[in-house]
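# Reading the structure
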Amino acid sequence: MTLLSVTELRGGYGAADEIVRGAALTVEPGEIVALIGPNGAGKSTLLKLIAGLLRPRAGHVRFKDRDVAGLAAPDISRRGLSFVPQERNVFGTMTVAENLEMGGFLDRAATRARMDELYGRFPMLADKRRAAARTLSGGQRQILAMAMALMNAPALLLLDEPTAGLSPRAAEELFGTIVALNEGGVAILMVEQNALEALAVSARAYVLVQGRAEREGRAAELASDPTVRDLFLGGSAPPMLSGNRGDFQ
C-alpha cells in the first residue's frame, strides 16, 4: 500500500494566491523522496498543504489510504505524519527536554519512554537535556527539531530545508542522520536546496516547477540527467556521503 499519494493538489496562502497548481507525488513505505526545484516553485507550500498547516483548495492527500486533505494539522499528525519546518522549529528559551515534551503532546502517556528512546538514539540530546535550545549549534537544533517530530512515532516525516544555513560538514552529518532515521523505518519526504546531496541519499525525486511536478524518477537518474543538472543542480557531480556520523558534538 502506498503510504502517501498526492493528486491534483492546489492551494496557497490566501483565496487568490495559488502557489501549488495541480501537484502530484507518492511516497512508498520506507522511502526517502526528495522534492527539488527552483526558488519559488512551491516546494515548502506543498509540504504545508500535505501536513495540514494550509488548507488545500482542491485535490487529494491520501495518507495510509485515507484522504486527509483539509484536516487540521494535529489530526493528520495523530495518523502518523510529522512535519519539521525550516524555521522556528524549536522553542529557544526551553530546555532540550522541555522541547521533547512539547513534541510529545499528542500522546502524553508515551512521552517518557519516547524521550528515553531518543536520548539513546541521539546522545547529544541526552548530554544537553538541561540546556536551552537557543544554545545549541545549527546542526544540533535541527537534530532536536527532528527528534520533536519523532516523539509522535511517525510513519512519514516531512522535512523542509533541513540543511538550510548549516556548514557543509554539518549538512553532510545531518544527511547521514536522515539516512539513519530512514533505515530505522521512517519514510521521508524532503524539500532541499542542496539538491545533489538530497538526490544522493534519496530513492526517488520530483522536480517541482511553478507549483507542479514537471519531472520525476529515480534519484540517481535525475542527478545525472543533463537538463535537470543544468537547470537546477549547477552541473556538478553528486558527492559521496561519508556515512552517518549521527550526533553533532
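Analysis parameters
- Residues numbered from 1 in each chain as written.
- Predicted model: local features only at pLDDT ≥ 70, side-chain atom pairs only at ≥ 80, totals over all residues.
- Heavy atoms only, no water.
- Helix = DSSP H or I, 4+ residues; strand = E, 2+ residues; numbered from the N terminus.
- Rg over C-alpha atoms; globule rule 2.2 N^0.38 Å.
- Buried < 20%, exposed > 50% of the residue type's maximum accessible area, 1.4 Å probe, protein only.
- Contact = heavy atoms within 4.5 Å.
- Areas by Shrake-Rupley, 256 points an atom, 1.4 Å probe, with all protein chains shown as cover.
- Lys, Arg positive; Asp, Glu negative; His and termini not counted.
- Charge placed at Lys NZ, Arg CZ, Asp CG, Glu CD.
- Salt bridge = Lys/Arg side-chain N within 4 Å of Asp/Glu carboxyl O.
- pLDDT = per-residue confidence, 0-100.
- Pairing = 2+ DSSP bridges.
- Axes fitted to C-alpha atoms, helices over the stretch in contact; angles between N-to-C directions.
- 1 Å grid on protein atoms, 1.4 Å probe; cavity = no way out; pocket = protein on both sides within 12 Å on 5 of 7 lines; lining within 4 Å.
- Points joined across faces, edges and corners; volume = space filled by probe spheres on them.
- Nonpolar A, V, L, I, M, F, W, Y, C, P; charged D, E, K, R; others polar.
- Right-handed = clockwise from strand over helix to strand, strands pointing away.

Of the regular secondary structure elements, the protein chain holds 10 helices and 10 strands. Expected size for 249 residues packed as a compact globule is a radius of gyration near 18 Å; at 17 Å, the protein chain falls within 12% of this value. Within the span of the protein chain, comprising 249 residues, buried residues form 49% of the whole. Sequence separation of 24 or more characterises 67% of the internal contacts of the protein chain that already satisfy a separation of 6 or more. When the accessible surface of the protein chain is summed, it comes to about 11100 Å², and 48% of that surface belongs to carbon and sulfur atoms. Of the side-chain charges in the protein chain, 28 are positive and 28 negative, and the distance between the mean point of each set is 5 Å.

Next up on the list: the pattern of salt bridges. Pairing between side chains becomes possible if they bear opposite charge and their charged atoms approach one another. Within the structure shown, the criterion is met by 9 salt bridges. The residue R62 makes a salt bridge to D65 at a minimum N-O spacing of 3.7 Å. With a relative accessible area of 34%, R62 lands in the partly exposed category. The shortest N-O distance in the salt bridge between R78 and D75 comes to 3.1 Å. Taken as a pair, R78 and D75 lie in helix α2 (residues 73-78) at a separation of 3 residues, close to a single helical turn. Exposure remark for D75: the relative accessible area of 31% places this residue in the partly exposed category. Through salt bridges with shared partners, a single network forms among R10, E18 and R57.

Below, the discussion takes up the confidence of the model for the protein chain. For any part of a model where pLDDT is low, the fine detail of the predicted coordinates should not be relied upon. Looking at the protein chain, pLDDT values average 90 and 93% of them are 70 or higher. A low-confidence stretch, residues 235-249 stays under pLDDT 50, and its non-local contacts, those more than four residues away or across chains, total 40 contacts.

This brings us to the sheet that holds strand β2 (residues 20-27). Two pairing modes exist for strands in a sheet, parallel and antiparallel, and in both the strands are linked by backbone hydrogen bonds. The 4 strands are arranged β2-β1-β4-β5 in an open sheet whose pairing can be described as antiparallel. With partners counted over all chains shown, the strands left at the sheet margins are β2 and β5 (66-67), one partner each. One ladder, built from 5 bridges, connects strand β1 (residues 4-11) with strand β4 (residues 58-63); its direction is antiparallel. Within the sheet, the bridge partner assigned to S5 lies in β4 and is R62. On top of the sheet, helix α1 (residues 43-51) reaches β1, β2 and β4; it is set at about 115 degrees to β1, its chief contact.

We now examine the layout of surface pockets. Using a probe with the size of a water molecule, rolled over the atoms, empty space left in the structure can be pinpointed. Of the volumes computed, that of the largest pocket is approximately 620 Å³. For the lining of the largest pocket, the secondary-structure elements that each account for two or more residues are α1, α2, β6 (81-84), α3 (96-103) and α6 (138-150). Tallied by class, residues from the lining of the largest pocket come to 16 nonpolar, 5 polar and 2 charged.

Further remarks concern the pairing of strand β7 (residues 156-160). Side-chain direction in a regular strand flips from residue to residue, so the side chains alternate between the two faces of the sheet. Counting buried residues in β7 gives 5 out of 5 residues, a clear majority hidden from the surface. Here β7 shows two buried faces, one formed by L156, L158 and D160 and the other by L157 and L159. Here 4 bridges tie β6 to β7, and the two strands are oriented parallel to one another. Paired with L81 across the strands is L156, a residue of β7. One ladder, built from 5 bridges, connects β7 with strand β8 (residues 187-191); its direction is parallel. Along β8, the bridge assignment pairs D160 with V191. Taken together, β7, helix α7 (residues 168-183) and β8 constitute a β-α-β crossover, and its handedness is right-handed.

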